[in-house]
Each structure stands twice: as C-alpha cells, then as structure tokens.
Amino acid sequence: MNTNKTYAGIPEEFGNLSTSKVVIIPVPYDGTSTWQKGADKGPQAFLDASENMELYDIETDSEVYKEGVYLADAITENSSPEAMVEEVHQITKKYINRNKFVTVFGGEHSVSIGTIRAFNECFSSLTVLHIDAHADLRKEYDGSKCNHACAVYEANQNTNLVQVGIRSMDISEKREMNLDKVFFAHDMAVNEDWMDDVVDQLTENVFITFDLDALDPSIMPSTGTPEPGGLFYYETLEFLKLVFKQKNVVGFDMVELCPNESEKSSDFLAAKLFYKMLSYKFASNDDSYDIGDDATDVNPFSKLSKFKGDDNDDF
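Please read all numbers here as calculations on a predicted model, not as lab measurements.

Trainee: Sorry, what's going on with the overall build of the protein chain here?
Mentor: Within the protein chain, the secondary structure is distributed over 9 helices and 8 strands. Put simply, the protein chain has 315 residues, and 57% of those count as buried. Per element, the accessible surface of the protein chain, about 13200 Å² overall, is 45% carbon and sulfur.

Trainee: How should I be thinking about helix H1 (residues 42-50) in this particular structure?
Mentor: Think of an α-helix as turning once every 3.6 residues; residues three or four places apart then point the same way. Of all the 9 residues making up H1, 7 are buried; the element is thus mostly covered by neighbouring parts of the structure. Looking only at H1, the buried set comprises Gly-42, Pro-43, Ala-45, Phe-46, Leu-47, Ala-49 and Ser-50. On its buried face, H1 sits against strand S1 (22-27), strand S2 (69-71), strand S3 (101-106) and helix H9 (265-283).

Trainee: I would appreciate a short explanation of the sheet that holds strand S6 (residues 182-184) in the present structure.
Mentor: By definition, the strands of a sheet pair up through backbone hydrogen bonds, in either a parallel or an antiparallel sense. The 8 strands lie next to each other as S2-S1-S3-S8-S7-S4-S5-S6, forming an open sheet whose pairing is parallel. Strand pairing shows two members of the sheet lacking a second neighbour, S2 and S6, which therefore form its edges. Along the sheet, successive strands turn relative to each other by an average axial angle of 15°, direction set aside. Contacting S1, S3, strand S7 (205-211) and strand S8 (248-255), H9 crosses the sheet at an angle of about 175° to S8.

Trainee: What exactly am I supposed to notice about unusual backbone geometry here?
Mentor: Across the junction of Gly-106 and Gly-107, the peptide omega takes the value 25°, indicating a cis bond. Its location among the elements puts Gly-107 in the loop between S3 and helix H3 (111-122). One non-glycine residue, Ala-8, lies in positive phi territory at about 60°. Checked against the element boundaries, Ala-8 lands in the segment before S1.

Trainee: What is the right way to look at the pairing of S3 in this model?
Mentor: In regular strands, side chains alternate between the two faces of the sheet. Across the 6 residues of S3, 6 count as buried, placing the element largely inside the fold. Covered by surrounding structure in S3 are Phe-101, Thr-103 and Phe-105 together with Val-102, Val-104 and Gly-106, the residues of both alternating faces. Sheet topology places S1 next to S3; 6 bridges connect them, and they run parallel. Pairing of Ile-25 across the sheet is with Val-104, part of S3. Bridge count for S3 against S8 is 4 bridges, and the pairing is parallel. Along S8, the bridge assignment pairs Val-102 with Gly-251.

Trainee: Any chance you could explain the pattern of salt bridges here in plain terms?
Mentor: Two side chains that carry opposite charge are able to pair once their charged atoms sit near each other. Counted according to the given criterion, the structure contains 13 salt bridges. The partner of Glu-67 in a salt bridge is Lys-21, with the nearest N and O atoms 3.0 Å apart. Here the residue Glu-67 occupies a position in the loop between H1 and S2, and Lys-21 occupies one in the segment before S1, the gap between them amounting to 46 residues. A relative accessible area of 28% means that Glu-67 is categorised as partly exposed. Two residues, Glu-261 and Lys-264, come together in a salt bridge whose shortest N-O distance is 3.7 Å.

Trainee: Just checking my understanding: could you explain H3 for this structure?
Mentor: Its 12 residues give H3 an end-to-end C-alpha distance of 18 Å, which sits within 8% of 16 Å, the value for a rise of 1.5 Å per residue. Burial of H3 is extensive: 10 of the 12 residues sit out of reach of the surface.

The rules behind these values
- Residues numbered from 1 in each chain as written.
- Predicted model: local features only at pLDDT ≥ 70, side-chain atom pairs only at ≥ 80, totals over all residues.
- Heavy atoms only, no water.
- Helix = DSSP H or I, 4+ residues; strand = E, 2+ residues; numbered from the N terminus.
- Buried < 20%, exposed > 50% of the residue type's maximum accessible area, 1.4 Å probe, protein only.
- Areas by Shrake-Rupley, 256 points an atom, 1.4 Å probe, with all protein chains shown as cover.
- Contact = heavy atoms within 4.5 Å.
- Pairing = 2+ DSSP bridges.
- Axes fitted to C-alpha atoms, helices over the stretch in contact; angles between N-to-C directions.
- Salt bridge = Lys/Arg side-chain N within 4 Å of Asp/Glu carboxyl O.
- Expected span 1.5 Å × (residues − 1).

The quantities given are spatial measurements derived from coordinates; they are silent on function.
Set out below in structure tokens:
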C-alpha cells in the first residue's frame, strides 16, 4: 500500500478518484531483473521526490495537478511474473474504462507487458512508443515470457511498435525488429531530424513506455542497467513535447528507477519528467500553451472514449 496520501502532496480535493482526470498506479515489482536489484523501491522514491517538486510548470504556464491526479493503491502481486502482469493488465484496464488518463510507475520493465496489453485492448490502431536503452524483444527469458527482457515482444506482435534510443541488444532480437521503426542511439546522435522521423512512424493513438535507462547515466545513474550514450534532459523534453502536440497520447508508464540512498537526483529527475509529461498532455490542448497554428480547443479526453469493441462492461 502507498504511504503517500496523495500524489506530490497535492490537496485532497485534487486527489479524489471521481473528479480526477489522471490516475497513477504504482507497481513496486522487481521479480525478474538480472543485474542491480531495487526497482521495487522505485515507486516510493518517485512519490517521495514528487512531494518536493514545485507544482507550477514554468514552460507550459500550468499547474496540471489541478486537473486531478488520483494515486491508486500499489499493485503488489508478486507470486509470479505472469500473475503480476495479469494484475497490472486488469487494473489498468479498469481505470481506462472509467475514462481516466492512466499512468503507471514501476518497478522493472516487465510491468509494461500488462499495461500495454490493457491499452491495446481499449484503443484502436495503437502505437507503442518504446523509449529505452534496451530492445526488450526476447520472446522468453529465464523461463518466462513475462521477463523484463521481453517487455515489448508482445507489443511488437500486436501493435505498431516504435523504438527510440536503443543501444544494447542481443543479436537474436534483431530478427524480431522492424528496422524501419527502430531508432538506434548512434544514428540519432548524427541525425538532426530524428524526432520528426519518429513522429512520422506513429499512428494517432500513442502509448509511451519510458524506461529511465534511455537517459544518459550522467543524468540518470540510478537505474538497474545503465548504458552510456543516452538521451539528455532537454532533448528528451523537446521530443516528448512534439509527440504530445502531434499525436493523441492515451497514457504512459515509467519504469526502472533503481533508487540509491546517496544519489537523490535520479529520483527527482523521474518525478519531474513524469510531471512534465502530464503537463504536456493537458497543456497541448489548452489555448494558453502555444503549440503553433494548429492549436485547438480539443478536450484531452475527447478521444479516450473511443474504445475498441464492446467488451468494456467487465468492470
């Protein structure tokens, strides 16, 4: 269970489920990581850091928490990777079907298997935008299809998977890749148009799965498998802002914060980046935020009710 009463210490009036537009689901799971353990402590470190943020975002001139942010009970199922994934799947889908903008904070990347499954069942023509240092395309690893090394294998089969920042993989994963939709870090470093090239590969509905090891370890050392050559803060914001502006981001998750007691800046970066993504989601549909000539008054939730199928009465 969460020890935090509300997300980021916001007043309780902005943290009620019935009136909140945003839901955050913590998943403190670290059952399949293979190097540095500790991602199960990531959600609490993220929440603690969030309480120390200023809640006014200068760039977007907004206070997105006033849209309402409900902090759900943590998902603590850990009897098996498969059981955890199914629990994440069901609970995520429950909140999507309540017309909430659903976000998840892990935990290691295997939690995203359940998150992506839920969003793909609820939104048509879904793109999964996978921002990560690692390809995560193994069909099975250590005897499980729900391992962190398999985080987007299912998404690759069932959605439009676009991968950004990749710089570590096994040769077997290359056989699974759609290379037209994989943006390797070494290519991005010399292609000034990579952001536009990524956006060109996205469908209208986009779910973002953000593994924090996509960021360079010089700014994000507290992750289980840091890889040199990653994204930096302002280029990451520029890219995310472009995606939120041009596409309908239907939700996102953030994973692989592995907190270190002597290094709190990573916790705070994760908290700030998460809040930035929320700010972009709502400000991108707000006249007070300059997003160019094509700005509209579209409510950010006008598209959230366009679910696939008629199987949404289970909850």
